[in-house]
Amino acid sequence: MNQGNQGAGILIFNSSANSIGGSLRAFGNKITFNSSHGILLRGPANTRNQLAFNSIGTSNGRIPEPNAGDGIRLDDAAAQNRIGGDLPVTLGTLSYSVPLENTIAFNTGDGIRMIGSATTGNSILNNIITANFGLGIRLVGGGNSDMAPPLYLGYDDFTLSGTVPDLDATPPGSIVQVFSDPDPSVPEGAVLLGESFVRKGGAFTVRLLKVPIFPNITLTATHAANRSTSPFGSGHIIPLGFHLERNGPAVASNVSAGATQTTILPLLLTAFNDDVRVESLVIEATGSLPAPGNITGVQLFRDRDQSGGVTIADTPISGVALFDPASNRVSLTLSNAFVGAGSPERWIVVGSLAAGATSGMNFQFRVVDATSVRARFVSSSGTAVPTPPFPVESAVFSVGPGRARSTLANWKQIHFSPAQRLDPFISGDLANPDGDLASNFAEYSFGLDPLRSGTDTDGARLKSTIAAVIEIPGSRSSSYFTFSFTRRTEPVDLLYVLETSSDLKTWKPVPESSVALDTAEPLGTRGDLQHVTYRTQSSLETAGQPGFDFYRVRVRYVP
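Quantities reported herein were computed from a predicted structural model and do not represent experimental measurements.

Calculation notes
Residues numbered from 1 in each chain as written. Predicted model: local features only at pLDDT ≥ 70, side-chain atom pairs only at ≥ 80, totals over all residues. Heavy atoms only, no water. Helix = DSSP H or I, 4+ residues; strand = E, 2+ residues; numbered from the N terminus. Buried < 20%, exposed > 50% of the residue type's maximum accessible area, 1.4 Å probe, protein only. Contact = heavy atoms within 4.5 Å. Areas by Shrake-Rupley, 256 points an atom, 1.4 Å probe, with all protein chains shown as cover. Salt bridge = Lys/Arg side-chain N within 4 Å of Asp/Glu carboxyl O. Arc of directions from axis to C-beta. Pairing = 2+ DSSP bridges. Polar contact = N/O pair within 3.5 Å; in protein donor to acceptor, adjacent residues only side chain to side chain. Phe/Tyr/Trp six-rings, centres within 6.5 Å; stacked < 30°, edge-to-face > 60°. Core = buried A, V, L, I, M, F, W, Y, C linked by side-chain atoms within 4.5 Å. 1 Å grid on protein atoms, 1.4 Å probe; cavity = no way out; pocket = protein on both sides within 12 Å on 5 of 7 lines; lining within 4 Å. Points joined across faces, edges and corners; volume = space filled by probe spheres on them. Nonpolar A, V, L, I, M, F, W, Y, C, P; charged D, E, K, R; others polar.

## Quick look at the overall build of the protein chain
Counting secondary structure elements, the protein chain contains six helices and 41 strands. A buried classification covers 47% of the 559 residues belonging to the protein chain. Taking as baseline every contact in the protein chain between residues at least 6 positions apart, the subset at least 24 positions apart corresponds to 72%. Counting only carbon and sulfur atoms, one obtains 55% of the accessible surface of the protein chain, whose full area is about 25600 Å².

## Here we look at the pattern of salt bridges
Any two side chains of opposite charge can pair, so long as their charged atoms come close to each other. Following the criterion strictly, the structure yields 16 salt bridges and no others. Residue arginine 42 pairs with aspartate 75 through a salt bridge whose shortest N-O separation is 2.9 Å. Linking arginine 42 in strand S4 (residues 39–42) with aspartate 75 in strand S7 (residues 72–75), this pair joins segments that are 33 residues apart in sequence. Notably, a salt bridge pairs glutamate 393 with arginine 366, separated by 3.7 Å at the nearest N-O pair. One end of the pair, glutamate 393, is in strand S33 (residues 392–393); the other, arginine 366, is in strand S31 (residues 362–367), with 27 residues separating them in the sequence. One continuous salt-bridge network, built from bridges that share partners, spans Asp70, Arg73, Asp110, Arg113 and Arg138.

## With respect to helix H2 (residues 408–415)
Residues of H2 that are buried: Leu408, Trp411, Lys412 and His415. All buried residues of H2 fall inside an arc of 100° around its axis, so they share one side.

## What to know about the sheet that holds strand S38 (residues 508–509)
In spatial order, the strands read S38-S37-S41; together these three strands make up an open sheet with antiparallel pairing. The open sheet has two free edges, formed respectively by S38 and strand S41 (550–557), since each of these has just one partner strand. In this structure, strand S37 (residues 494–501) lies alongside S38, joined through two bridges in antiparallel fashion. Its bridge partner being in S38, threonine 500 is matched across the sheet by lysine 508.

## Examining the side chain of asparagine 102
With respect to the helices, strands and loops of the structure, asparagine 102 is situated in the loop between strand S9 (94–100) and strand S10 (103–105). Asparagine 102 sits in the buried class, given a relative accessible area of 0%. At 2.9 Å, the side chain of asparagine 102 forms a polar contact with the backbone oxygen of leucine 51. Beyond its immediate stretch of four places on either side in the chain, asparagine 102 contacts Leu51, Ala52, Phe53, Asn54, Ile83, Gly84, Asn127 and Ile128.

## Section: the pairing of strand S19 (residues 203–207)
Here S19 shows a clear split, with Phe204 and Val206 buried on one side and none of Ala203, Thr205 and Arg207 buried on the other. Note that strand S16 (residues 159–163) and S19 share five bridges and pair antiparallel. In the sheet register, leucine 160 faces S19, and the bridge partner there is valine 206.

## Here's the deal with the packing of aromatic side chains
Counted by the stated rule, this structure contains 11 aromatic pairs. Measuring from ring centre to ring centre gives 6.1 Å for tryptophan 411 and phenylalanine 416, while their planes differ by 85°; the resulting arrangement is edge-to-face. As far as the burial class goes, tryptophan 411 and phenylalanine 416 line up, both buried. For the pair phenylalanine 446 and tyrosine 496, a centre-to-centre distance of 6.2 Å together with 70° between the ring planes defines the contact as edge-to-face. Taken as a pair, phenylalanine 446 in the loop between helix H5 (440–445) and strand S35 (466–472) and tyrosine 496 in strand S37 lie far apart in primary sequence, 50 residues in all. Using a relative accessible area of 22% as the deciding quantity, one classes phenylalanine 446 as partly exposed. Counting every residue linked through ring pairs, the aromatic cluster contains Phe323, Phe363, Phe365 and Phe397.

## Digging into unusual backbone geometry
Note that the residue after phenylalanine 390, namely proline 391, is joined by a cis bond; omega there is 0°. Within the fold, proline 391 resides in the loop between strand S32 (373–377) and S33. Unusually for a residue other than glycine, alanine 131 sits at a positive phi of about 60°. Within the fold, alanine 131 resides in the loop between strand S13 (128–130) and strand S14 (137–140).

## Let's talk about the nonpolar core
If you look at the biggest cluster of nonpolar residues, it comprises 41 residues, and the most contacted ones within it are Val278, Trp347, Phe363 and Phe365. Each residue touching phenylalanine 365, except ones within four places of it in the same chain, is listed here: Ile264, Leu265, Ile283, Glu284, Ala285, Ile295, Val298, Phe323, Val349, Val392, Glu393 and Ser394.

## Some thoughts on empty space enclosed by the protein
Going through the model one piece at a time under the given rule, you end up with one cavity of 30 Å³ or more. Roughly 60 Å³ of volume is contained in the largest cavity. Arg304, Asp305, Ala313, Leu498 and Val510 are the residues nearest the centre of the largest cavity, which is lined by 10 residues in total. Looking at side-chain class alone, the lining of the largest cavity contains seven nonpolar, no polar and three charged residues.

Now the structure itself:
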């Protein structure tokens, strides 16, 4: 068993320019189970020492192995030392900084304590300081000139703003670092979220590089000139949020009797400042259609390709459930239903109608109120209550013949004569009677005429698939990559799957975070075709080199 030392783990007395740890993580020390402080720097000659990549009070950041005193103590005029910080690196003409850090956790005393008015100018930057019994950073008797921490003013999901209490003590150019920590009562810093500088007048804004893992925000300030670092500011709890709303407008529509997996209620879910795990969702049916007898099943899908309908790219996140006859409600138990903070999820509630559903009747799905959703925040483990307005309602659907489902067989009936339908070299799925290198199945899938090369089914010239770069005006014009194609409008016996490849050999579905449906333009006189355009989610200026080079549309036959 590791018993540590009788006294401090490492003591530096009146010595300067020492390195405890090093410029590489592999050089760091594990300083645990000592009967006093982890590291003690004492004496006026203790200057310009560097502490980096040490684990103090724990060997892996998770398991407590506490020192009986403070993690790090500086006293008796130890000054101008660096705990963490940055290492300047120059490679040729390129200069950058490598962040250095120490993990200081689970110690019986404070994480870091500085004692005495001559113990000053000690910088504490880029460290992980959490779960110590005392404060994260404590200044005693004028240590570090009694630097005051910054003042938190607000947070808008991306940027934190604040000010300093005294411009003379914390002048412009001072560094402000922002952390999140699980303990709301003792301010420490488990995760560094970002940093910025104090501006003229004392204000600062910090663009956070990470979504806060914990809801408690703390801040430190490091003096622009003498490099003294303040204690952590009192913890500030940032608001956690969870929104649920209908995705897009509600447009009344028809649903044919016997229709399966029809999109009834598209949902948009957004989590702020913490991931959310959704455990169950209750849907109510209203209207003149008796739900239990005519709505034969309800299921929830993650709309990965954002098509608005169930495709091969989409994944179910619930089983098929039936309405309760007494309440006209169905409870969906969800699996792997996570909503990442700052990453909206698009889900679709689908329903199936019995073949004998009564024509002319109508129905509507709705999430009645916040109690219909059971969800929890992941890191903070608290209940995630979706915010109003409620109810979240679908369109009103009428049961009727609707538009007949497009099928390959019916399409052949329209375009081929009885004699041609008997000849597989003319009407076979893979035949190419017009010699344009597109099979009959491809002509059907993309709205082409199988007997006239290069034309659509209305005789017009084919609206070709287009790949282009477009500019969208804004504060700065941004360029986006788009591609378009014609497809059949649902209901149809086809699934359209967008795929990408970097080498034209290995293909995979387009990530939903990469490309989204931009426009869908109706085509033709029968309403059975539409021209769709997809656009990259990130501008080319933001994305830099794209993650893939080639797109294709794969069509699967679903009879």
